[in-house]
Amino acid sequence: MAKVTLKGNEVHTNGTLPIIGAEAPDFTGVKSDLTELSLNDLKGKNVVINVFPSLDTSVCATSVRRFNKEAASLPNTVVLAVSKDLPFAQGRFCTTEGIDKVIPLSVFRCSCFEDKYGMLLVDGPLKGLLARGVIVIDEAGKVIYTELVPEITTEPNYAAAIAALK
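To keep things clear, this report deals only with the structure shown in the data block.

Procedures and definitions
Residues numbered from 1 in each chain as written. Predicted model: local features only at pLDDT ≥ 70, side-chain atom pairs only at ≥ 80, totals over all residues. Heavy atoms only, no water. Helix = DSSP H or I, 4+ residues; strand = E, 2+ residues; numbered from the N terminus. Rg over C-alpha atoms; globule rule 2.2 N^0.38 Å. Buried < 20%, exposed > 50% of the residue type's maximum accessible area, 1.4 Å probe, protein only. Phe/Tyr/Trp six-rings, centres within 6.5 Å; stacked < 30°, edge-to-face > 60°. Pairing = 2+ DSSP bridges. Right-handed = clockwise from strand over helix to strand, strands pointing away. Patch = residues over 30% accessible without salt bridge, like charges linked within 9 Å, V, L, I, M, F, W, Y side chains within 5 Å. Areas by Shrake-Rupley, 256 points an atom, 1.4 Å probe, with all protein chains shown as cover. Salt bridge = Lys/Arg side-chain N within 4 Å of Asp/Glu carboxyl O. Core = buried A, V, L, I, M, F, W, Y, C linked by side-chain atoms within 4.5 Å.

## Quick notes on the overall build of the chain
Phase 1: A count of helices and strands for the chain gives four helices and nine strands.
Phase 2: Element order for the chain, N to C, with α for helix and β for strand: β-β-β-β-β-α-β-α-β-α-β-β-α.
Phase 3: Against the compact-globule benchmark of 15 Å for 166 residues, the chain has a radius of gyration of 14 Å, which places it among compact chains.
Phase 4: Seen through its C-alpha atoms, the chain measures out along the principal axes to roughly 40 × 35 × 30 Å.
Phase 5: Expressed as a percentage of the 166 residues in the chain, the buried residues total 51%.

## With respect to the packing of aromatic side chains
Phase 1: Under the criterion given, the structure shown has four aromatic pairs.
Phase 2: Note on Phe27 and Phe113: the rings are 4.8 Å apart at their centroids and 70 degrees apart in plane angle, and the pair reads as edge-to-face. Of the two residues, Phe27 sits in the loop between strand 2 (9-12) and strand 3 (28-30) while Phe113 sits in helix 3 (residues 112-117), which places them 86 residues apart along the sequence.
Phase 3: The buried category is assigned to Phe113, whose relative accessible area is 0%.
Phase 4: Pairing Phe113 with Tyr117 gives two aromatic rings, centres 4.6 Å apart and planes at 10 degrees, and the pair type is stacked.

## Topic: the pairing of strand 6 (residues 77-83)
Phase 1: Among the seven residues in strand 6, seven count as buried, and that is most of the element.
Phase 2: Both faces of strand 6 are covered, namely the face carrying Thr77, Val79, Ala81 and Ser83 and the face carrying Val78, Leu80 and Val82.
Phase 3: Where strand 5 (residues 46-51) meets strand 6, six bridges bridge the pair, whose relative direction is parallel. Residue pairing across strands places Val51 opposite Val82, the latter belonging to strand 6.
Phase 4: For strand 6 and strand 7 (residues 102-106), the ladder comprises five bridges, and the chain directions are parallel. Looking across to strand 7, one finds that Ser83 is bridged to Ser106.
Phase 5: Note that the unit made of strand 6, helix 2 (residues 87-97) and strand 7 has a crossover that is right-handed.

## A closer look at a nonpolar patch on the surface
Phase 1: A surface patch of nonpolar side chains, about 380 Å² in accessible area, is lined by Leu34, Leu86, Phe88 and Phe108.
Phase 2: Assignment of secondary structure puts Leu34 in the loop between strand 3 and strand 4 (36-38).
Phase 3: You can call Leu34 partly exposed: its relative accessible area is 39%.

## With respect to the nonpolar core
Phase 1: In terms of nonpolar packing, the biggest core is built from 22 residues, with Phe27, Ile49, Leu80, Val82, Phe113, Tyr117 and Ile135 touching the most fellow members.
Phase 2: At the level of elements, strand 5, strand 6, helix 3 and strand 8 (133-137) are the ones that each hand at least two residues to this core.
Phase 3: Counting residues in each nonpolar core, the second largest holds 20 residues, with Ala61, Ala81, Ala161 and Ile162 among its members.

## Points about the pattern of salt bridges
Phase 1: The final tally for this structure, using the stated rule, is four salt bridges.
Phase 2: The network of salt bridges with common partners includes Glu23, Lys43 and Lys142.

## Focus on unusual backbone geometry
Phase 1: Positive phi, close to 75 degrees, is recorded for Leu34, a residue that is not glycine.
Phase 2: For Asn76, which is not glycine, the phi torsion reads 55 degrees and is therefore positive.
Phase 3: With respect to the element layout, Asn76 can be found in the loop between helix 1 (58-69) and strand 6.
Phase 4: On the basis of relative accessibility, which here comes to 33%, the residue Asn76 falls in the partly exposed class.

This is the structure we're talking about:
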């Protein structure tokens, strides 16, 4: 269990992020067209997993826009925007915002992401949603960077995540 804060108030997750150097655990999410995508489908590519509570908050939306612009331009790199938002809402957001280099991926259908990555908020006002963080996985499927953002209302460290890929 990890601790983060939401507007200064301590909240907890259901576990901890995978360790650097470990094989990234597979999980499956639902894309905007309702097809499924698993992490194993992306073997051989670098993967940035941008995790957040909901696209309906300004910080979450900002992180998707930023990764769409920066990380998605890196060679052989896929950016996943992971939340429990419904695929319809994710698709609408990406269309409206012109997000075309990030794959929105909803994990509403199963607990495979939250169980393996330990990012489910288990208490506080956002209980049941995901904490904010970034996981970067290399072409071999190994975790090369993790960040559990300590204050949910702040943005992740984009520069550090992108630097892990260079």
